[in-house]
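Here are the chains, one letter per residue:
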Amino acid sequence: MSNILIIAEHDGESLSVSTAKCVSCAHAIGGNIDIVVIGSGIESISAEAAALESVSSVIAIDAEHLSAPLAANWANEVTAIAADYSHLLGPSSTLGKDLMPRIAAVIGVNQVSDIMAVNTPTSFKRPIYAGNAIIDVDTPSGTTVVATVRIASWKAAALTGSGAVEVRGASAKAVEHTRFVGLTSGGGERPDLQSAQRVVSGGRGVGSEENFKVIYALADKLGAGVGASRAAVDAGYVPNDMQVGQTGKIISPDLYMAFGISGAIQHLTGIKDAGTIVAINKDSESPIFEIADIGLVGDLFTVIAELEKLLA
Amino acid sequence: MKILVGIKRVVDYNVRVRVLSDGSGVDTDGVKMSVNPFDEIALEEALRIREAGNAEEVIVISAGGDECQQQLRTGLAMGADRAIQIQTSEALQPLSTARAFLKIIEREEPGLVILGKQAIDDDNCQTGQMLAGLWNRPQATSVSVLELNGDSATVTREVDAGLETIEVDLPAVLTVDLRLNVPRFVKLPDIMKAKRKPLDVVSLDELGVAIEGNLEIGHHAPPPQREKGIMVEDAAQLVAELKNRGLI
């Protein structure tokens, strides 16, 4: 039977929804599920993890030097307990992408990136070529499965669990070669892109940082998160953490509204899992209309102004 | 200081990749191949460091068959001083690539190893982190700002929550993100000059690296298609449609 360890993602205050999604992937694999929470002052985060559906135990590794998620420090803690497990799962977020391959290399296995679906406990589906092909990947028998879980492909596990929490100290000393300096958050108080039910997004067509205000205003009216195309981020209209696409965030809201986004393949990769895609663009030939569920050819500012009135 | 830059030969980013009808792979027949775009950014950064007088030599390395010499030559034309091809007939998975790169590191002793944050073909996003783990050195992934301060570097990383800044002692492995720089264009005289720059070939065997623990890559399927959508005429129709679907 599989013995699965999930590496929890958190911001020092609360557990990320990505961890609940990893739990759902673990359910599909089947077997015992433990979660390791690494950090400093992580009591309430560990309790949140223990409440996830059918989690048997939470290992809380609490030490001052683990407060920032430096891959070198966190990897040392995971590899110290990895031998007990058949599977090590982390989210395919910037945290998991940074951490999991380092763990895999030290253990001596290749990593399965971005699990979309589970065929068997050792066979998975994952996207390649920006999602233009979905492949089956089998891990060699008798080796530890180290994988990242494609968050947009999984629903969050329910909060019906009652796992035990075991608090431990760190196994390894702090690495001296890497030092955390700080984190600047780009986003404000709006819903997190990766868990928002609605997302309003703007592209190059929005034209400027100033013009993006209308996107924010509409998003606030809808209670939506705000995303952007790479073009809008590169042009400096919005910060990097709003980028949706192959190299940005892969998201799966119920409603995605794209304003002034032409729809490069790399952007479409990030929104294919959305429930309903709405595209507003003045160019009727834009590729975004090929995958939009509802398309509207027109000036985005006129459309937003009308939407504001209709939604008032 | 030497800087080692990884270069991967991939299907050009403008190509719309199609799955073969028998599911055995994707159609790469006659398709344009290029340097992985993130690797171009990695090389550009290395060249700028050298041009600023903070490195003496930039070495580009690639693992693959002789066809990857084409991409190494592109790297030389961009301005790298020399190239190393790790010759193998098999498409290497990240762990083997990292093991092979580590052998080159042991020979060359670079102060910095700069790679793209992911390759746009397999989208694995692993090699740099694996290399740092095997080498037991610092890693900084998704780097968008790099500042060298002698024996260490201050880097800004693009992370889901915003911008993270960390300091790493050298030698270190960096993987670069899109906004670090805009790579230069290669000029014709540079292409001519690149032909005379050294390109060493070393086999995986000579490096003492065995390919082990490969994941088995099976059936390839095209992605599920979304159903054809509808077009609406104006905002009022859009709102009606969204209400109809229970989305607002």
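First, a word on what this report is: a plain description of the structure on this page.

1. A word on the overall build of chain B
If you tally the helices and strands in chain B, you get seven helices and 13 strands. Its C-alpha atoms give chain B principal-axis dimensions of about 65 × 45 × 40 Å. A buried classification covers 47% of the 248 residues belonging to chain B. In chain B, the proportion of contacts linking residues at least 24 apart, taken out of those at least 6 apart, comes to 71%.

2. Concerning the overall build of chain A
Within chain A, the regular secondary structure consists of nine helices and 16 strands. Each of the three principal axes of chain A carries a C-alpha extent, and together these read 60 × 40 × 40 Å. Buried positions account for 57% of the 312 residues belonging to chain A.

3. Remarks on the interface of chain A and chain B
Of the residues lining the interface, 71 residues belong to chain A; the matching set on chain B comes to 65 residues. When the residues that make up the side of chain A that touches chain B are grouped by side-chain class, the tally is 35 nonpolar, 21 polar and 15 charged. Alignment of strand 8 (residues 133-138) of chain A against strand 12 (residues 216-221) of chain B, held across four bridges, turns out to be antiparallel. By the bridge assignment, V137(A) is partnered in strand 12 of chain B with I217(B).

4. Looking at the sheet that holds strand 7 (residues 123-128) of chain A
Spatial ordering of the open sheet is given by 6(A)-7(A)-8(A)-12(B), a layout of four strands whose pairing is antiparallel. The strands lining the two open edges of the sheet, one partner per strand, are strand 6 (117-120) of chain A together with strand 12 of chain B. Averaged over all pairs of adjacent strands, the angle between strand axes in this sheet comes to 30°, irrespective of strand direction. Where strand 6 of chain A meets strand 7 of chain A, three bridges bridge the pair, whose relative direction is antiparallel.

5. Comments concerning helix 1 (residues 17-29) of chain A
In an α-helix, one turn spans 3.6 residues, which is why side chains three or four residues apart end up on the same side. The end-to-end C-alpha distance of helix 1 of chain A is 19 Å, a good match for the 18 Å that 13 residues give at a rise of 1.5 Å each. All buried positions along helix 1 of chain A are accounted for by S18(A), T19(A), A20(A), K21(A), C22(A), V23(A), C25(A), A26(A) and I29(A).

6. Points about the environment of R150(A)
Residues and elements named next belong to chain A. Inspection of the secondary structure puts R150 in the loop between strand 9 (145-149) and strand 10 (164-168). C-alpha separation for the pair R150 and D114, spaced 36 residues apart in sequence, amounts to 4.3 Å. Contact partners of R150, with chain neighbours within four places excluded, come to S92, D114, I115, M116 and I250.

7. Examining the packing of helix 3 (residues 94-108) of chain B against helix 4 (residues 127-135) of chain B
All names here are of chain B. Two elements in contact, helix 3 and helix 4, have axes whose closest approach is 9 Å; the angle formed by their N-to-C orientations is 55°. By the angle between their directions, the pair helix 3 and helix 4 is classed as oblique. Both helix 3 and helix 4 take part in a crossing whose hand is right-handed. Facing P94, L95, T97, A98, R99, F101, L102 and I105 of helix 3, the residues of helix 4 in contact are T127, M130, L131, L134 and W135. Looking at the contact of helix 3 with helix 4 residue by residue, the class counts come to ten nonpolar, two polar and one charged.

8. Describing unusual backbone geometry
P171(B) follows L170(B) through a cis peptide bond whose omega is 0°. Summarising the element assignment, P171(B) is placed in the loop between strand 9 (162-169) and strand 10 (172-176). With phi around 60°, D114(A) is a residue other than glycine that occupies positive phi space. Judged by C-beta crowding, with 26 C-beta atoms within 10 Å, D114(A) ranks as buried.

9. Remarks on helix 1 (residues 37-51) of chain B
All names here are of chain B. Compared with an ideal rise of 1.5 Å per residue, which puts 15 residues at 21 Å, helix 1 spans 21 Å between its outermost C-alpha atoms and is within 8% of the ideal. Of all the 15 residues making up helix 1, eleven are buried; the element is thus mostly covered by neighbouring parts of the structure. Buried within helix 1 we find F38, D39, E40, I41, A42, L43, E44, E45, A46, L47 and I49.

10. Section: the pairing of strand 13 (residues 225-228) of chain A
All names here are of chain A. On strand 13, burial covers both faces: G225 and G227 on one face and V226 and A228 on the other are all buried. As paired elements, strand 12 (residues 198-202) and strand 13 share four bridges and run parallel to each other. Bridge assignment links G202 to a residue of strand 13, and that residue is A228. Running through helix 5 (residues 212-222), the crossover from strand 12 to the neighbouring parallel element strand 13 is right-handed.

11. Comments concerning the nonpolar core
The biggest cluster of nonpolar side chains holds 175 residues, and the ones touching the most others in it are I6(A) and V5(B). When residues no more than four places from it in sequence are discounted, the contact partners of I6(A) are T19(A), C22(A), V23(A), A26(A), I33(A), I35(A) and L89(A).

12. A short note on the packing of helix 9 (residues 300-311) of chain A against helix 7 (residues 235-244) of chain B
Helix 7 of chain B packs onto helix 9 of chain A with a crossing angle of 50° between their chain directions and a minimal axis gap of 9 Å. Judged on the interaxial angle alone, helix 7 of chain B and helix 9 of chain A are oblique. In this structure, helix 9 of chain A meets helix 7 of chain B at a crossing whose hand is right-handed. Packed against helix 9 of chain A, whose contacting residues are V303(A), E306(A), L307(A), L310(A) and L311(A), the element helix 7 of chain B presents A235(B), A236(B) and V239(B) at the interface. Each residue belonging to the contact of helix 9 of chain A with helix 7 of chain B can be placed in one class, and the counts come to seven nonpolar, no polar and one charged.

13. Some points on the environment of D160(B)
Assignment of secondary structure puts D160(B) in the loop between strand 8 (152-159) and strand 9. The exposure class assigned to D160(B) is buried, which follows from the 25 C-beta atoms found within 10 Å.

14. Some details on the sheet that holds strand 13 of chain A
Within a sheet, adjacent strands bond to each other through the backbone by hydrogen bonds, running parallel or antiparallel. One open sheet accounts for six strands, arranged 13(A)-12(A)-14(A)-15(A)-16(A)-13(B); its pairing is parallel. On the outer flanks of this sheet lie strand 13 of chain A together with strand 13 (230-232) of chain B, each paired with one strand and no other. Within this sheet the neighbouring strands show an average axis-to-axis angle of 20°, counted without direction. Relative to strand 16 (residues 294-297) of chain A, strand 15 (residues 276-281) of chain A is paired through four bridges, and the arrangement is parallel. The partner of A279(A) across the bridge, within strand 16 of chain A, is G295(A).

Calculation rules
Residues numbered from 1 in each chain as written. Chains lettered and ligands numbered in written order. Predicted model: local features only at pLDDT ≥ 70, side-chain atom pairs only at ≥ 80, totals over all residues. Helix = DSSP H or I, 4+ residues; strand = E, 2+ residues; numbered from the N terminus. Buried ≥ 20, exposed ≤ 12 C-beta atoms within 10 Å, placed from the backbone. Contact = placed C-beta atoms within 7 Å. Nonpolar A, V, L, I, M, F, W, Y, C, P; charged D, E, K, R; others polar. Pairing = 2+ DSSP bridges. Axes fitted to C-alpha atoms, helices over the stretch in contact; angles between N-to-C directions. Expected span 1.5 Å × (residues − 1). Parallel < 35°, antiparallel > 145°, perpendicular 65-115°, else oblique. Left-handed = near helix turned anticlockwise from the far one by under 90°. Right-handed = clockwise from strand over helix to strand, strands pointing away. Core = buried A, V, L, I, M, F, W, Y, C linked by C-beta atoms within 7 Å.

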